[in-house]
Structure formats: C-alpha cells, structure tokens
Amino acid sequence: MAEAFIVAATRTAGGKRNGKLSGWHPADLAAQVLNELIKRTGCDPALVEDVIMGCVGQAGEQAVNIGRNAVMASMLPESVPATSVDRQCGSSQQALHFAAQAVMSGSMDIVIAAGVESMSRVPMGLPSTLAAKNGFGTYMSPGIQQRYPGVQFSQFTGAEMIAKKYGMKREELDAFALESHLRAAAATKAGAFNNEILQVKVRMNDGTETGEMHATDEGIRYDASLQGMAGVKLIVEGGVCTAASASQICDGAAGLMVVNERGLKALGVKPLARVHHMSVIGGDPVVMLETPVPATERALKKAGMKIDDIDLYEVNEAFAPVPMAWLKVLGADHARLNVNGGAIALGHPLGGSGAKLMTTLVHALHNRGKRYGLQTMCEGGGLANVTILERL
C-alpha cells in the first residue's frame, strides 16, 4: 500500500472570542489557509483532488458544507471538490485521516485536510441550541434516552469525573494550566511558531481592519500566575475545574497537504512527515473525555511501539484533567507533552484544532530534530483519534 506524506502544514494564530479574527467569515478565513498550502508547495491548484474540512458548529456562516464554501472563496478552481467532517473536537484530525486514507488507497494523489471554527461568529453548541429553541428537537433521541436514562451528556461533568477518578486537586490543575501559558509564551518569544503561522489581517467583529497582521496567538497570558488562577471561580460547584484550567474559546483555521508517492513526484517537493499510524475508537460517552487513554494504548499496540518510542506528544488540553490523566496512565514523559503549550493557553477552535495541533506537531518535530510524534484528542460522544507521525 502507498504511504501518506505531509508536504505542507500551516495555521492561523488563535484569536480570542470577539478578538482579532472575529471579523473574518469562517469560509474566508479557511480559504486563506488553502491558498497558503498552494503557495508553500507550488502546487498547481487544479491538481488538488479533494478538500476535507473539519468543523463542529455547522450552522449559520459555517453551514451548507463549509469545506466547499472555503474552496469557492479561495484560489482553487471550481473543479476541486470538498466535504465537511464533524467528529466533534477531532473533526480536522479525522479530516487528516480521511485524506491519508484516500492517498494510501491510490484513489487520489493530492488532498488537503483542514479545519476551521469561528467561535465568535458561530457560538459553541449553536446547531443544537438554535434548533431546540425553535421547536426542532434535540439530538437526544428516545433510543439514546432509553440506553442512558437520566443522563445529560456534558464535557464539564466529564472533566470533573476524570479529576475525581484520579484524585486531582484544583492546585494541581492550576499548576498544569500555568505551565501551558509559560510554555506557549516561551515558544512565542523564541519564534517556535513562526514557520507554521500564516499571518492574516486583523479584522475585528464589527468588520473594521486595524492595518495590523495577526501573527501571534492571542490567548497567551504572559503574566499568568498561580495566585491569579486561584481567584477564578469553579465551573461546577464543588468541583475542581475552572476556566483557567480549561481550553480557551478560539477562532482559527489550519490545514495540511497530504500526498502519496505519485503526488510527491507531481509536486517535486520533499515531505515533512509520514503518517505512521492512524486510528479512532469510541468509549464511555458520559465520562466522554477519557478515551484518549485507551485509544493511545490501542494505537501503540497496533503500531508495535511503546510510549517511550514517541519523542513528542500533542494531547489536546480541553480541560487539564484530560492530558494529566493521559500522562499518569500511559507513564509518559511530561517533558515531551505539549512542549509549546496547549489549548489552555493557545485556544481550542473546536473543529479546527485537530489540524492546528498536527501543524504544531510537524513543525515541533523539525525544530527539535525529533523523529516520532503522537497526537490524540478527546471528542464529544466519548471518541478519540490517534495519529503517529514520523518526521522526514
């Protein structure tokens, strides 16, 4: 079977809610990423055989196939098709898996995997809440309610359940969150993100442009402290998680160009990385966020690897208990985890995060001269994707 190679990877810097990217229509923002991938590879746009785009809030400005709408807003010709994927927070990591599967099968040679989310313009949960508010029901079918009687699926409850299971204290979560900001700040100051970030115009939510370029992640708190975090109120009364130890609402887009050997020859470029393994599993939808643990265990077994064989890990910081539990159960090296900070500092643009983390992982492997990287994410419904890359 053919191999899948990543030949380009880029992302916008994260934008805070109602911040520097909030004036961008998500289709236009995603189009900037598509254009940049073409620019970085020198690819004839007509050679792209599909665009697979992750997005969670597929309503309003992100409705009606955001992937195709991004293509129509880009420099890609109309002949390039596109589709949109919703695997919740793992949507664009799944987009990468679908792209890799397409080129490995030989049915396509050049595919773009991408993701976008404007949480300023399409608030989290809007597709569900808007329908319910207007009398069009909810996703909680009678069959689901019969199987899970009295259950309200909640990521907040899931995070607290994980923290309780592993005996985590608020002070530990705050310390982990502080480290995320410190690492992100250090990485930004050192220019670690320079090669991956696509600078776009600052466009505020009223549509005004400041004339500046958005070049750094907006959510990083350079003055973060444990004392400041201690003053943040709990999300759930009697719990341990706060907004300070949870991912930030974020606007952003990211993408990767994925090719096989024929694609490499057609483009005449050198690959950045090879997809070594990819898998996805389901777990407990009530705890919801713990599935990255068994998913990673299964992925390592299928790949014939041990956790110590992996040089860098990107485990999405949806809530601090998620990567903390992952570290504990896997016996992983904390120093290799989210080395440039995570979503607590950099933001979590939902359907865009899979491609965003993968972009960061690819570039971090190159910057640090490491070989293998692993990415996993918790996802609504108790799902988790795992991808293992080899830097080339």
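Structure report, in brief. Owing to the predicted nature of the structure, the values given are computational and were not obtained by experimental measurement.

Some points on the overall build of the chain
Here is step 1 of the chain: When its secondary structure is counted, the chain shows 13 helices and twelve strands.
Here is step 2 of the chain: For the chain, whose C-alpha radius of gyration is 20 Å, the value lies close to the compact-globule estimate of 21 Å for 392 residues.
Here is step 3 of the chain: At a minimum sequence separation of 6, the contacts of the chain that also span at least 24 residues come to 80%.
Here is step 4 of the chain: Roughly 15,800 Å² of accessible area belongs to the chain as shown, and the carbon and sulfur atoms make up 52% of that amount.

Here we look at the nonpolar core
Here is step 1 of the chain: Formed by 46 residues in total, the largest nonpolar core has its most connected members in Leu289, Leu300, Ile310, Tyr313 and Trp326.
Here is step 2 of the chain: For this core, the secondary structure elements donating two or more residues are helix H6 (155-165), helix H7 (170-189), helix H10 (292-303), strand S10 (312-315), helix H11 (321-330), strand S11 (372-379) and strand S12 (383-391).
Here is step 3 of the chain: For this core, the leading source of residues is H11, giving six residues.
Here is step 4 of the chain: Listed in part, the 34 residues of the second largest apolar core include Val7, Trp24, Val80 and Ala253.

Describing the pairing of strand S1 (residues 5-11)
Here is step 1 of the chain: Counted residue by residue, S1 has seven buried out of seven residues, so it is predominantly covered.
Here is step 2 of the chain: When S1 meets strand S9 (residues 273-282), the two strands line up antiparallel, connected through two bridges. Bridging across to S9, Ile6 finds its partner in Ala273.
Here is step 3 of the chain: Across six bridges, the pairing between S1 and strand S8 (residues 250-259) is antiparallel.

Side note on the side chain of Thr41
Here is step 1 of the chain: Tracing the backbone shows Thr41 in helix H1 (residues 26-41).
Here is step 2 of the chain: The class of Thr41 is buried, set by a relative accessible area of 7%.
Here is step 3 of the chain: The residues touching Thr41, leaving out its near neighbours within four places in the chain, are Val7, Ala8, Met257 and Val269.

Digging into the pattern of salt bridges
Here is step 1 of the chain: Enumeration over the complete set of coordinates arrives at 13 salt bridges.
Here is step 2 of the chain: Among the ionic pairs, Glu209 bridges to Arg203, the shortest N-O distance being 2.8 Å.
Here is step 3 of the chain: A relative accessible area of 18% means that Arg203 is categorised as buried.
Here is step 4 of the chain: Connected through salt bridges with shared partners, the residues Glu3, Arg274, Arg371 and Glu390 form a single ionic network.

As for unusual backbone geometry
Here is step 1 of the chain: We note that Asn18 has phi near 60 degrees; this positive angle belongs to a residue other than glycine.
Here is step 2 of the chain: With relative accessibility at 42%, the residue Asn18 sits in the partly exposed group.

Focus: the pairing of strand S3 (residues 50-54)
Here is step 1 of the chain: When you tally the buried positions in S3, you get five out of five residues, the bulk of the element.
Here is step 2 of the chain: Across the two faces of S3 the burial is the same, with Asp50, Ile52 and Gly54 and Val51 and Met53 all buried.
Here is step 3 of the chain: Inspection of the sheet shows S3 paired to strand S5 (residues 110-118) by five bridges, in the parallel sense. Paired with Gly54 across the strands is Gly115, a residue of S5.
Here is step 4 of the chain: For the crossover from S3 across helix H2 (residues 66-72) to strand S4 (residues 82-85), the handedness is right-handed.

Concerning the environment of Ala27
Here is step 1 of the chain: Looking at where Ala27 falls in the secondary structure, it is placed in helix H1.
Here is step 2 of the chain: On the basis of relative accessible area, Ala27 is assigned to the buried category, the value being 6%.
Here is step 3 of the chain: For the pair Ala27 and Val362, spaced 335 residues apart in sequence, the C-alpha separation works out to 25 Å.
Here is step 4 of the chain: Discounting residues that sit within four places of it in the chain, Ala27 has contacts with Ile66, Asn69, Ala70 and Ala73.

Brief notes about the state of the cysteines
Here is step 1 of the chain: According to the stated counting rule, one finds zero disulfides in the structure shown.
Here is step 2 of the chain: For the unlinked cysteine Cys55, the closest cysteine sulfur is that of Cys89, found at 12 Å.
Here is step 3 of the chain: Left unpaired, Cys250 is separated from the closest cysteine sulfur, that of Cys89, by 12 Å.
Here is step 4 of the chain: The buried category is assigned to Cys250, whose relative accessible area is 2%.

A look at H6
Here is step 1 of the chain: What H6 keeps buried is the set Gly158, Ala159, Glu160, Ile162 and Ala163.
Here is step 2 of the chain: Here the buried face of H6 lies against H11.
Here is step 3 of the chain: Among the residues of H6, the N-terminal cap falls to Ser154, whose side-chain oxygen and the backbone nitrogen of Phe156 are separated by 3.2 Å.
Here is step 4 of the chain: Positive phi appears at Gly167, one or two residues downstream of H6, with a value of about 65 degrees.

Rules used throughout
Residues numbered from 1 in each chain as written. Predicted model: local features only at pLDDT ≥ 70, side-chain atom pairs only at ≥ 80, totals over all residues. Heavy atoms only, no water. Helix = DSSP H or I, 4+ residues; strand = E, 2+ residues; numbered from the N terminus. Rg over C-alpha atoms; globule rule 2.2 N^0.38 Å. Contact = heavy atoms within 4.5 Å. Areas by Shrake-Rupley, 256 points an atom, 1.4 Å probe, with all protein chains shown as cover. Core = buried A, V, L, I, M, F, W, Y, C linked by side-chain atoms within 4.5 Å. Buried < 20%, exposed > 50% of the residue type's maximum accessible area, 1.4 Å probe, protein only. Pairing = 2+ DSSP bridges. Salt bridge = Lys/Arg side-chain N within 4 Å of Asp/Glu carboxyl O. Right-handed = clockwise from strand over helix to strand, strands pointing away. Disulfide = S-S within 2.5 Å. Polar contact = N/O pair within 3.5 Å; in protein donor to acceptor, adjacent residues only side chain to side chain.

Everything listed is a geometric property; what it means functionally is a separate question.
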